[in-house]
Amino acid sequence: MTAKLAQLVDGVVVHHFDLIQDTTRIGRHPDNDIVIDDAAASSSHALVTREAHAQFPGHFDVYIEDCGSTNGTLLNDQPIVGKQRLHHQDVVRIAWNRFKFIDENEAGHDKTAHMIRTQGPED
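As a convention, each chain's residues are numbered from 1 in the sequence order in which they are written. Only residues with pLDDT of at least 70 get local features here, since the model is predicted, and only at 80 or more are side-chain atom pairs given and counted; chain-wide, interface and lining totals rely on the full set of residues. In computing side-chain values, all of the structure's heavy atoms are included and hydrogens and water are not.

1. Considerations on the nonpolar core
Among buried residues, the Ala, Val, Leu, Ile, Met, Phe, Trp, Tyr and Cys ones that are joined through side-chain atoms within 4.5 Å form a nonpolar core. In this scheme, a residue with accessible area under 20% of its type's maximum is buried, one over 50% is exposed, and one in between is partly exposed, where area comes from a 1.4 Å probe on protein chains only. Among the nonpolar cores identified, the biggest contains 20 residues, and Leu5 and Ile26 are the most heavily contacted of them. Sorting the residues of this core by element identifies strand S5 (46–52), strand S6 (60–66), strand S10 (91–94) and strand S11 (97–102) as the ones contributing at least two each. Here, two residues are considered to be in contact whenever any of their heavy atoms come within 4.5 Å of each other. Among all residues touching Ile26, those that are not within four sequence positions of it are Leu5, Asn32, Ile34, Ile36, Ser44, His45, Ala46, Val48 and Ile94. Each helix corresponds to a stretch of at least 4 residues labelled H or I by DSSP, and each strand to a stretch of at least 2 residues labelled E; elements are numbered beginning at the N terminus.

In structure tokens form, the structure reads like this:
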């Protein structure tokens, strides 16, 4: 399953964007991969990147960073500082637009990684 950003309006998904590229640019300018028609969004507002997961070949970690936008980018109602990893069910706000990050694969990674770490040589 591909990670995606689901655009929400009043808590209802109105559109979803599959994150299949290594970089996805978000902003008001039509050259962006996800175009936001909102005057409060900067022309180049945020950048989403995918990086290969260290412990799960074929899977990716997804990160978001603000591109110096005027109004900032929020992750779970907190301003993004630098590059931050997205987790399943996180909510990103860009201007007046809300997006829920959906990654069913990521939802199980932390549990599996925890199980790997807790097994020692005596197991």
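2. Examining the sheet that holds strand S2 (residues 12–18)
At least two DSSP bridges between two strands are required for those strands to pair. Pairing within the open sheet is antiparallel, and its six strands lie in the order S2-S1-S11-S10-S7-S8. Edge positions in the open sheet fall to S2 and strand S8 (78–79), since each of these has one partner strand only. In this sheet, S8 lies alongside strand S7 (residues 73–75) in antiparallel orientation, the contact comprising two bridges. Paired with Leu75 across the strands is Gln78, a residue of S8.

3. Points about the sheet that holds S6
Strand order in the open sheet formed by five strands is S4-S3-S5-S6-S9, with mixed pairing between adjacent strands. With one partner strand each, in any of the chains shown, strand S4 (34–35) and strand S9 (83–85) form the two edges of the open sheet. Of the strand pairs in this sheet, S6 and S9 are connected by three bridges, and their pairing is antiparallel. Along S9, the bridge assignment pairs Ile64 with Gln84.

4. Considering the packing of aromatic side chains
Only the six-membered ring of Trp is used, alongside the rings of Phe and Tyr, when aromatic pairs are assigned; centres must lie within 6.5 Å, and planes under 30 degrees apart are stacked while those over 60 apart are edge-to-face, with the rest tilted. Scanning the model with the defined rule gives one aromatic pair in all. A ring pair is formed by Phe17 and Phe99, whose centres lie 6.3 Å apart and whose planes are at 55 degrees; its orientation type is tilted. Here the residue Phe17 occupies a position in strand S2, and Phe99 occupies one in strand S11, the gap between them amounting to 82 residues. What makes Phe17 buried here is its relative accessible area of 18%. For Phe99, a relative accessible area of 1% translates into the label buried. Lysine and arginine charges are scored as sitting over a ring when NZ or CZ, respectively, is within 6 Å of the ring centre and within 35 degrees of the ring normal. Here the guanidinium or amino end of Arg50 rests over the ring plane of Phe60, the centre of that ring lying 3.8 Å away. Positioned over the ring face of Tyr63 is Lys83, at 5.0 Å from the centre of the ring.

5. Here we look at the pairing of S5
Summarising the sheet, strand S3 (residues 23–27) and S5 pair through four bridges and their orientation is antiparallel. Considered in S5, the bridge of Thr23 is made with Thr49. Taken together, the seven bridges between S5 and S6 define a ladder with antiparallel strand orientation. When the sheet's bridge partners are listed, Ala46 is paired in S6 with Asp66.

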